[in-house]
Amino acid sequence: MTKNAEVANILKEIGLLLQVEGKDKFKFLAYLRGVRSITSLGEDITSVADRGELTKIQGIGKGLADAITSYLETGEVELLTELRTRVPVKVMELEAIPGVGPKTIQLVYEKLGITDLEGLERAALEGKLSGLPGLGQKTEEQILSGIGIVKSGLDRTILAEALSIAAKIEGELRTIPGIHQLVIAGSARRRRETIGDIDILVDASDSKLVMDTFVEYRDVSTITAHGDTKSSVRLIGGLQIDLRILPADSFGAGLQYFTGSVDHNVRLRSIAKKKGLTLNEYGLFKGEEKVAGEDEEGIYKALGMTMIEPELREDKGEIEAAQTGELPSLITVDDIRGDLHSHTDQSDGRNTIEEMLDAAETKGYEYYCVSDHTQSLTIANGLDEGRLLKRIEEIDELNASGRWKMKILKGAEVDILGQGALDIEDDVLSQLDVVTVSVHSRMKEEKKIMTERVCHAIENKHVHVLGHPTGRLILKRPEFEIDLEAVFETAAKNNVVMELNAHPKRLDLNAGNLRAAKRVGLKIAINTDAHVISELDNMQYGIFEARRGWVTKEDVINTFPLKKMLGLLKK
DNA sequence: GCCGTTTTCGGCCCGACTGTTTTCAGTCG
């Protein structure tokens with residue numbers, strides 16, 4: 001777990017415990033707001049704390065800042081320790097159950113002394129919950145099914161998977177006659193890395209037919225809501241899908257509203273309020289009169305700003321930038337002229353070099369770099385100097401063959417060894433067009449050692465790109481302990497490019513780190529790291545993450561023509 | 001607890017849906 005996630009959890013637990021204890025609900029909401037800010041901070045909270053700028057974060061005031069500081073310095077927060085003694089309830093595990101909120105936790109604790117998930121499950125199975133004030137048979141069943149979901153551990157899905165599920169449902173719904181508009185909204189539209197649920201918005205002639213078709217979709221395991229304008233289902237596998245019907249004349253307002261984020265929308269509403277307007281999912285209103293709502297652009301315009309792309313809607317400065325017309329022009333997948341990181345069956349890839357090149361050529365690329373693993377990665381059958389030299393000759397011949405219009409670049413994904421040395425000799429590295437270096441071993445090294453190791457590796461004069469700089473696997477493995485600020489500084493000095501690895505489970509660097517890299521003037525390479533033909537399509541996920549990181553075409557080396565791109569790599 | 005180009009006090013997004021009610025509370029997004 002990253003420091004930010006740890007801090008977010010601590011604050012959330014404090015908020016929940018305060019609420020269960022019966023304190024003012026706005027105090028609880030304030031803690032939750034702080035939690036959201038930190039979760040989507042995009043920068044190490046420790047760095048912010050070191051600069052003394054915690055209260056500059058939206059929603060963090062003196063109280064929360066003190067709690068954070070105390071946690072970072074001592075690993076403890078006095079208030080939390082006290083609360084845990086007074087209210088010995090495992091609020092975090094109870095709150096994670098769908099359908100269970102702070103009020104229910106408070107109720108079952110006070111009436112039945114329930115303090116954890118096991119206790120709640122037992123009570124539900126024994127029928128002790130129904131009969132409590134406000135709780136009946138149905139709620140009891142709902143809680144039991146919610147506990148099942150938590151136990152299955154399937155509460156979040158990576159974006160790529162969510163989009164593919166969404167596309168299938170969309171295909172199904174689009175066969176219904178009279179669908180005028182259909183958009184996948186929510187965090188999927190904002191291209192968040194992981195998705196908790198999918199929101200589908202529909203404008204249709206026969207909304208009842210849409211709803212009925214939706215809840216009968218073949219992969220539905222339970223229907224949790226089935227109304228006139230909103231239905232919710234949970235699929236086999238656990239993903240929740242919400243479908244909302246919107247009228248045509250307020251489709252844009254609904255789309256804006258249900259795309260979020262919450263914090264972005266709260267800011268927009270308050271801006272509307274100051275202008276004497278009200279914003280809700282049906283439109284932007286001046287009294288009774290609707291001034292905007294048919295499309296999103298109209299709403300942003302009426303609020304005095306330019307249209308904000310969904311990927312930026314996180315209340316991370318995009319509103320201010322839109323008010324002054326200073327939003328960046330975000331990169332698109334069409335801007336990409338080549339892929340600088342890919343594998344073949346020479347190491348751990350599945351396709352031959354020819355097959356990969358054929359597939360890459362259909363993307364319309366101007367250049368394509370073959371960069372297999374090197375010898376230390378024995379499990380991947382990495383290349384030693386001899387095999388690499390042969391590969392260099394082979395690529396010269398392939399280029400000369402004229403079979404491919406694009407230029408084939410010679411590369412390698414060179415292993416960074418324990419002390420930061422590389423596992424290929426300099427005189428071989430010097431013959432490659434693109435040298436990417438990556439960490440594949442000893443990933444649990446402590447922060448100082450890992451930082452020095454990576455910095456040392458990128459100081460090698462033949463190194464062009466740092467591959468997947470933090471090593472994370474989304475929902476699987478956290479980032480390395482590494483001081484990225486120091487790495488960025490070293491990279492800037494040595495003209496080393498940061499990779500944005502586009503594999504949907506990596507997305508490394510992430511959006512927040514990309515923004516930080518941009519701030520120190522670093523260039524980015526968005527690469528698929530494809531190990532098989534189909535993974536060449538992963539470029540789109542890299543682009544999504546880049547857009548979330550405010551990245552423009554000019555920030556990315558593989559949007560430039562070959563000559564200029566190679567020039568940028570020169571030392 | 002946080003926040004302020006009406007405010008340092010008095011608000012805090014708000015509507016849909018469900019379940020348990022008979023007018024509303026809790027959850028969710």
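Residues numbered from 1 in each chain as written. Chains lettered and ligands numbered in written order. Predicted model: local features only at pLDDT ≥ 70, side-chain atom pairs only at ≥ 80, totals over all residues. Heavy atoms only, no water.

Trainee: So what's going on with the sheet that holds strand β14 (residues 434-438)? Which residues, and what values?
Mentor: Read from one edge to the other, the open sheet built from seven strands follows the order β11-β12-β13-β14-β15-β16-β17, with strand pairing classed as parallel. The sheet is open, and its two edges are formed by β11 (338-339) and β17 (524-527), each paired on a single side. One ladder, built from two bridges, connects β11 with strand β12 (residues 367-373); its direction is parallel. Counterpart to glycine 338 in the pairing with β12 is tyrosine 367. Against the sheet, helix α23 (residues 539-548) engages β11, β16 (497-501) and β17, with an angle of about 145° to β17. (Pairing = 2+ DSSP bridges. Helix = DSSP H or I, 4+ residues; strand = E, 2+ residues; numbered from the N terminus. Contact = heavy atoms within 4.5 Å. Axes fitted to C-alpha atoms, helices over the stretch in contact; angles between N-to-C directions.)

Trainee: Pulling in residues and values, what's your account of the nonpolar core?
Mentor: Of all hydrophobic cores here, the largest spans 59 residues; its most connected members are Tyr368, Val437, Leu466, Met498 and Ile526. In this structure, Val7, Leu83, Leu107 and Leu117 belong to the second largest nonpolar core, which totals 46 residues. (Core = buried A, V, L, I, M, F, W, Y, C linked by side-chain atoms within 4.5 Å. Buried < 20%, exposed > 50% of the residue type's maximum accessible area, 1.4 Å probe, protein only.)

Trainee: Let's hear about the protein's contact with DNA strand B: which residues, and what values?
Mentor: Near DNA strand B lie 43 residues; those nearest to it are Gly61, Gly99, Gly101, Thr104 and Gly136. For DNA strand B, the backbone makes up 80% of the atoms found within 4 Å of the protein, where backbone means sugar plus phosphate. In this structure, leucine 64 approaches DNA strand B through a main-chain N or O atom, which is 3.0 Å from a phosphate oxygen. Within the backbone of glycine 101, a nitrogen or oxygen atom sits 2.6 Å from a phosphate oxygen of DNA strand B. Put simply, the parts of the chain that give the surface near DNA strand B at least two residues each are α2 (25-39), α4 (62-74), α7 (102-112), α9 (137-152), β4 (197-204), β5 (220-226), β7 (240-245) and α14 (262-274). The element best represented in the surface near DNA strand B is α2, accounting for four residues. (Near = heavy atom within 4 Å. Polar contact = N/O pair within 3.5 Å; in protein donor to acceptor, adjacent residues only side chain to side chain.)

Trainee: How would you summarise empty space enclosed by the protein if you had to cite specific residues and measurements?
Mentor: Within the structure shown, the criterion is met by one cavity of 30 Å³ or more. Size it by volume and the largest cavity reaches roughly 30 Å³. In this structure, the largest cavity is lined by Ser438, Val439, Val454, Leu466, Gly467, His468, Pro469 and Phe480. A breakdown of the residues in the lining of the largest cavity according to their chemical character gives five nonpolar, three polar and no charged. (1 Å grid on protein atoms, 1.4 Å probe; cavity = no way out; pocket = protein on both sides within 12 Å on 5 of 7 lines; lining within 4 Å. Points joined across faces, edges and corners; volume = space filled by probe spheres on them. Nonpolar A, V, L, I, M, F, W, Y, C, P; charged D, E, K, R; others polar.)

Trainee: Outline a negative patch on the surface, listing residues and values.
Mentor: On the surface, Asp50, Asp483, Glu485 and Glu489 cluster together into a patch of negative charge. Inspection of the secondary structure puts aspartate 483 in the loop between β15 (465-466) and α21 (484-493). With relative accessibility at 32%, the residue aspartate 483 sits in the partly exposed group. (Patch = residues over 30% accessible without salt bridge, like charges linked within 9 Å, V, L, I, M, F, W, Y side chains within 5 Å. Areas by Shrake-Rupley, 256 points an atom, 1.4 Å probe, with all protein chains shown as cover. Salt bridge = Lys/Arg side-chain N within 4 Å of Asp/Glu carboxyl O. Lys, Arg positive; Asp, Glu negative; His and termini not counted. Charge placed at Lys NZ, Arg CZ, Asp CG, Glu CD.)

Trainee: Outline the pattern of salt bridges, listing residues and values.
Mentor: One pass over the structure, following the stated rule, counts 36 salt bridges. With a closest N to O distance of 3.2 Å, arginine 244 and aspartate 199 form a salt bridge. Taken together, the residues span a long stretch of sequence, with arginine 244 in strand β7 and aspartate 199 in strand β4 at a distance of 45 residues. Judged by relative accessible area, which is 14%, arginine 244 ranks as buried. A salt bridge links aspartate 372 to arginine 391; the shortest N-O distance between them is 3.0 Å. Taken together, the residues aspartate 372 in strand β12 and arginine 391 in helix α18 (residues 385-401) connect sequence positions 19 residues apart. Accessibility expressed as a relative area gives 5% for arginine 391, which makes it buried. The structure contains a network of salt bridges with shared partners spanning Glu193, Arg472, Glu545 and Arg548.

Trainee: Tell me about the side chain of aspartate 242, residues and numbers included.
Mentor: Note on placement: aspartate 242 falls in strand β7. At 2.6 Å, the side chain of aspartate 242 and the side chain of serine 232 are in polar contact.

Trainee: Would you mind going over the packing of aromatic side chains in detail, with residue names and values included?
Mentor: Scanning all chains against the criterion turns up two aromatic pairs. Their ring planes at 80° and their centres at 5.8 Å tell us that tyrosine 541 and phenylalanine 544 sit as a pair that is edge-to-face. Taken as a pair, tyrosine 541 and phenylalanine 544 lie in helix α23 at a separation of three residues, close to a single helical turn. The residues tyrosine 541 and phenylalanine 544 share a single accessibility class, namely buried. A cation over a ring is seen here: arginine 191 above phenylalanine 544, with NZ or CZ 4.2 Å from the ring centre. Over the aromatic face of tryptophan 550 sits the side chain of arginine 515, whose NZ or CZ is 3.9 Å from the ring centroid. (Phe/Tyr/Trp six-rings, centres within 6.5 Å; stacked < 30°, edge-to-face > 60°. Lys NZ or Arg CZ within 6 Å of the ring centre and 35° of its normal.)

Trainee: I'd love a proper account of the sheet that holds β5, names of residues and values included.
Mentor: Ordered by their spatial adjacency, five strands build an open sheet running β2-β4-β7-β6-β5, and the pairing between neighbours is mixed. Since the sheet does not close on itself, it has two edges, and those belong to β2 (179-185) and β5, each with one partner. Across the sheet, the axes of successive neighbouring strands diverge by a mean angle of 20°, strand direction being ignored. With six bridges connecting them, β2 and β4 associate as antiparallel partners. Directly across from isoleucine 179, in β4, lies its bridge partner alanine 204. Against the sheet, helix α10 (residues 159-173) engages β2, β4, β6 (230-235) and β7, with an angle of about 170° to β2.

Trainee: Please provide a residue-by-residue account of α9, values included.
Mentor: For α9, with 16 residues, the first-to-last C-alpha span of 23 Å sits near the 22 Å given by 1.5 Å per residue. Of all the positions in α9, only Glu140, Ile143, Gly146, Ile147 and Ile149 are classed as buried. (Expected span 1.5 Å × (residues − 1).)

Trainee: Please give an account of helix α12 (residues 207-215) that cites residues and values.
Mentor: Among the residues of α12, Val210, Met211, Phe214 and Val215 are the ones counted as buried. For α12, the angular spread of buried residues about the axis comes to 120°, placing them on one side. Buried-residue contacts for α12 involve α10, β2, β4, β5, β6 and β7. (Arc of directions from axis to C-beta.)

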